[in-house]
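Residue-level structure breakdown
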Amino acid sequence: MQGPTASCSENPSRQRSPYGENYLEITTYFQRGETTAEETHYASNIPFKSFNDLMTHCDEIRRDPLRSKQFGEMVHTLRVYVSVEDLPEPRALLHIFGRMVINSFTVTDIELNPIGVGIYLGPSEIDHSCQPNVVTTFLGQVLQQRITADICSNNYSDAYVSYVDLLATTSERRKQLKEQYYFDCDCAVCLDDAMDALKSSTKCGNAFCTNPIIKNESGFVPCKACGFSNFDQSYYRLLQMAEEITDATLITISGMENSSAPNPSDVLETCEECLRNQRPILHPLNVKYVRILDKAFDTCIDLQFWEPAVQYGLQTLDCYKKFYPKYDPNVGRQLMKLGKLQLYLQHLEDSLINLQQAEVILTVSVGCEAQLVKELRELIDQCAEQLRRIHSL
């Protein structure tokens with residue numbers, strides 16, 4: 001029986017990815033006057049848009065050192081392949097660049113792994129919210145946006161997608177939105193200080209209490225479950241050390257994964273060392289803790305360490321279900337990966353529960369005709385059949 005395969009669960013949101021080949025292709029279309037494209041709109045009240053209608057944020061790009069550098073590099077690359085007389089003038093090039101980096105969508109495969117970028121005129125009209133009611137997924141190159149929560153009207157302006165990973169803290173989301181899309185988000189989620197504090201929560205100092213401890217402007221809030229309030233200097237030092245090690249570990253792992261010959265064993269060892277420093281102080285809902293667990297989960301799958309992978313994956317679920325929307329495909333995909341591992345290991349009852357939960361989520365978020373859901377239903381049937389055979393003995 002072949003073991004499960006690894007896959008990353010990424011948020012299919014709009015990302016800053018100004019690939020040279022896309023820029024060259026769009027620039028060529030611009031020169032030919034091919035600035036419109038045919039699209040099938042999912043709602044008749046969405047106005048038709050051409051590429052020239054997309055926002056550019058050119059003024060912000062000029063003031064942004066990183067984006068200005070990227071634009072300069074892109075123009076240099078274009079001049080290698082296109083003669084100067086065939087290029088649009090610099091102002092037009094900047095507008096093309098701006099429309100690309102502001103409006104691009106990350107294209108994902110059937111397992112939600114990023115595989116490229118594309119510009120989709122109609123969907124680019126949908127605004128951002130950290131409490132979205134629409135999710136974006138792909139069937140090949142076809143972008144689909146599906147409603148995952150009630151929308152109070154038939155007006156597309158009441159539909160929202162998330163441009164960023166919703167597991168991130170408010171400060172992280174706002175920073176990414178400001179740097180990539182040049183706007184400040186003040187949605188209800190960004191204004192929910194209590195929910196955001198949970199994402200940085202710590203463990204109660206009472207070893208017999210599992211309640212998360214949150215921190216506000218005045219310091220740590222006494223435990224609401226047991227009343228613990230003895231947050232001495234050692235508690236603060238333990239937290240500071242864990243957070244510093246986590247930040248350094250994520251940078252180290254990124255370097256390992258981007259190296260020419262990444263070694264999964266080294267990545268897993270680095271994760272486990274970080275987790276040893278996190279466990280005494282960081283609560284299971286702390287997103288920094290869960291990010292390391294996620295790295296360990298996927299790395300164990302790469303190494304075919306199935307049992308440890310299940311243990312790491314199980315520890316991520318509470319955080320995923322707490323902070324992602326109910327029908328977010330990231331939650332469905334995480335449940336499916338875990339259920340698939342459990343099926344392989346013959347943890348059949350647990351597998352069936354997780355696979356069925358994944359089906360509920362993914363049927364809504366990616367659609368019942370998606371290949372991912374078809375594969376999921378095959379796993380459910382396989383698991384249910386094995387359980388029937390066992391119970392019939």
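Everything below is about the structure printed above this text.
Residues numbered from 1 in each chain as written. Predicted model: local features only at pLDDT ≥ 70, side-chain atom pairs only at ≥ 80, totals over all residues. Heavy atoms only, no water.

Focus on the packing of helix α3 (residues 65–81) against helix α4 (residues 90–103)
Direction vectors running N to C along α3 and α4 enclose 115°, while the axes themselves pass 11 Å from each other. Where α3 crosses over α4, the two elements pack in a sense that is right-handed. Residues Arg 67, Gln 70, Phe 71, Val 75 and Leu 78 of α3 pack against Pro 90, Leu 93, Leu 94, Phe 97, Val 101 and Ile 102 of α4. Residues of the contact of α3 with α4, tallied by class, amount to 9 nonpolar, 1 polar and 1 charged. (Axes fitted to C-alpha atoms, helices over the stretch in contact; angles between N-to-C directions. Helix = DSSP H or I, 4+ residues; strand = E, 2+ residues; numbered from the N terminus. Left-handed = near helix turned anticlockwise from the far one by under 90°. Contact = heavy atoms within 4.5 Å. Nonpolar A, V, L, I, M, F, W, Y, C, P; charged D, E, K, R; others polar.)

A word on the nonpolar core
A general tendency of soluble globular proteins is for nonpolar side chains to be buried together. Among the nonpolar cores identified, the biggest contains 74 residues, and Leu 167 and Tyr 312 are the most heavily contacted of them. Listed by contribution, the elements that provide at least two residues to this core are α5 (170–181), α7 (233–257), α8 (264–278), α9 (287–302), α10 (306–323), α11 (329–344), α12 (348–365) and α13 (371–392). Per element, the largest residue contribution to this core is 9 residues, and it comes from α9. Beyond its immediate chain neighbours, meaning those up to four positions away, Tyr 312 contacts Leu 268, Glu 272, Leu 275, Arg 279, Leu 293, Ala 296, Phe 297 and Cys 300. Listed in part, the 13 residues of the second largest apolar core include Val 75, Val 82, Ile 102 and Tyr 182. (Core = buried A, V, L, I, M, F, W, Y, C linked by side-chain atoms within 4.5 Å. Buried < 20%, exposed > 50% of the residue type's maximum accessible area, 1.4 Å probe, protein only.)

So, the side chain of Ser 129
Assignment of secondary structure puts Ser 129 in the loop between β3 (127–128) and β4 (134–139). On the accessibility criterion, Ser 129 (10% relative accessible area) is buried. A polar side-chain atom of Ser 129 sits 3.0 Å from the main-chain amide nitrogen of Gln 131. The residues touching Ser 129, leaving out its near neighbours within four places in the chain, are Tyr 160, Val 161, Ser 162 and Cys 187. (Polar contact = N/O pair within 3.5 Å; in protein donor to acceptor, adjacent residues only side chain to side chain.)

Describing the pattern of salt bridges
Throughout the structure, instances matching the rule amount to 14 salt bridges. For Glu 375, the salt bridge goes to Lys 340, with nearest N and O atoms at 3.3 Å. Of the two residues, Glu 375 is situated in helix α13 and Lys 340 in helix α11; the sequence distance between them amounts to 35 residues. (Salt bridge = Lys/Arg side-chain N within 4 Å of Asp/Glu carboxyl O.)

All we've got here are geometric facts, nothing functional implied.
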